[in-house]
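Residue-level listing of the chains:
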Amino acid sequence: ETLKPEDLTGRDLVYLATTDFMAIKNDLMERNNRGEFNIELLTIVGVDSGAILAMNWSAIDWSQPDLPTIKLGYDVKAVVLVSPKQKYKTLSMQGALANRNMLSQLSFMIIGGANDRFMERDLGSLKNSIGRYHPELKQKSGETDTEFRERLLREKDFFFYDEATNLQGIDLINAPNL
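Summary of the structure given here.

Definitions and limits used
- Residues numbered from 1 in each chain as written.
- Predicted model: local features only at pLDDT ≥ 70, side-chain atom pairs only at ≥ 80, totals over all residues.
- Heavy atoms only, no water.
- Salt bridge = Lys/Arg side-chain N within 4 Å of Asp/Glu carboxyl O.
- Helix = DSSP H or I, 4+ residues; strand = E, 2+ residues; numbered from the N terminus.
- Buried < 20%, exposed > 50% of the residue type's maximum accessible area, 1.4 Å probe, protein only.
- Pairing = 2+ DSSP bridges.
- Axes fitted to C-alpha atoms, helices over the stretch in contact; angles between N-to-C directions.
- Right-handed = clockwise from strand over helix to strand, strands pointing away.
- Phe/Tyr/Trp six-rings, centres within 6.5 Å; stacked < 30°, edge-to-face > 60°.
- Core = buried A, V, L, I, M, F, W, Y, C linked by side-chain atoms within 4.5 Å.
- Contact = heavy atoms within 4.5 Å.

1. Side note on the pattern of salt bridges
No. 1: Under the counting rule described, the total for this entry stands at nine salt bridges.
No. 2: Between K25 and D61 there is a salt bridge whose closest N-O contact spans 2.5 Å. Placement of the pair is K25 in helix α1 (residues 10-33) and D61 in helix α2 (residues 50-61), with a sequence separation of 36 residues.
No. 3: Judged by relative accessible area, K25 falls into the buried class, the value being 5%.
No. 4: Put simply, K25 and D75 hold a salt bridge, and the shortest N to O gap is 2.8 Å. Within this pair, whereas K25 is found in helix α1, its partner D75 is found in the loop between α2 and β2 (76-82), the two being separated by 50 residues in sequence. The same class applies to K25 and to D75, which are both buried.
No. 5: The network of salt bridges with shared partners includes D27, R31, R34 and E36.

Given below as structure tokens:
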């Protein structure tokens, strides 16, 4: 079903961020248990205001208690945010951005069109909030260029792209020259 963010109430958004996503996770776990899906490679993608939902669900997943015999969380391994809005109606990323464990353990990709001043502000804020947990890898002394590139492929876990365009969301993703 296609949902239009402008049609959702604040209550709908809170419901999506909790109950609906837990139903989706239960379905993914069942598929994982049947061998149809690998929950250990779970990547969440959020576009526009969906980025708020993606971040909040990831934070919920990374806030589950550790139990000796049952794995309840820590399934999300990466988050992709395309033209991410940090606030929409009653939802915000603020709580998720306070989850240091999640921010330091997950891989992130953030993409947006930086020619929009509001998006430029949100992109910069997210780059600072998340990027500080993912220091830029530098070439080590004595490391060849090839060794460094190979290490980047293995270890880099924060990707940030602020494209010089006004395009956002699906239009940005579908742009043939970007």
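2. Describing the sheet that holds strand β5 (residues 107-113)
No. 1: Pairing in this open sheet of four strands is parallel, and the strands run β1-β2-β5-β6 from one edge to the other. At either margin of the open sheet sits one strand with a lone partner, and together these are β1 (42-47) and β6 (158-163). Between one strand axis and the next, the sheet turns through 10 degrees on average, direction left out of account.
No. 2: Pairing of β1 with β2 involves six bridges; the strand directions are parallel.

3. A closer look at the pairing of β2
No. 1: Of all seven residues in β2, six are buried, a share of seventy percent or more.
No. 2: The parallel pair β1 and β2, bridged by α2, forms a crossover whose chirality is right-handed.
No. 3: Pairing between β2 and β5: five bridges, direction parallel. The residue of β5 that forms the bridge with A78 is S107.

4. Observations regarding the packing of aromatic side chains
The geometry of an aromatic ring pair is captured by the separation of the ring centres together with the interplanar angle, meaning the angle of the planes.
No. 1: Going through the model one piece at a time under the given rule, you end up with one aromatic pair.
No. 2: Where W62 meets Y74, the ring centres are 4.8 Å apart and the plane angle is 90 degrees; that geometry is what we call edge-to-face. With W62 in the loop between α2 and β2 and Y74 in the loop between α2 and β2, this residue pair connects regions lying 12 residues apart in the sequence.
No. 3: W62 sits in the buried class, given a relative accessible area of 11%.

5. Brief notes about the nonpolar core
No. 1: Counting residues in hydrophobic clusters, the biggest one holds 34 residues, and the most contacted among them are M55, L81, M93, M102, F108, I110 and I130.
No. 2: Among the elements that take part in this core, α2 stands out by supplying seven residues, more than any other.
No. 3: The contact partners of M55, leaving out residues within four places of it in the chain, are V79, L81, M93, A96, L97, M102, L103, F108 and I130.

Don't take any of this as a statement about function, it's just geometry.
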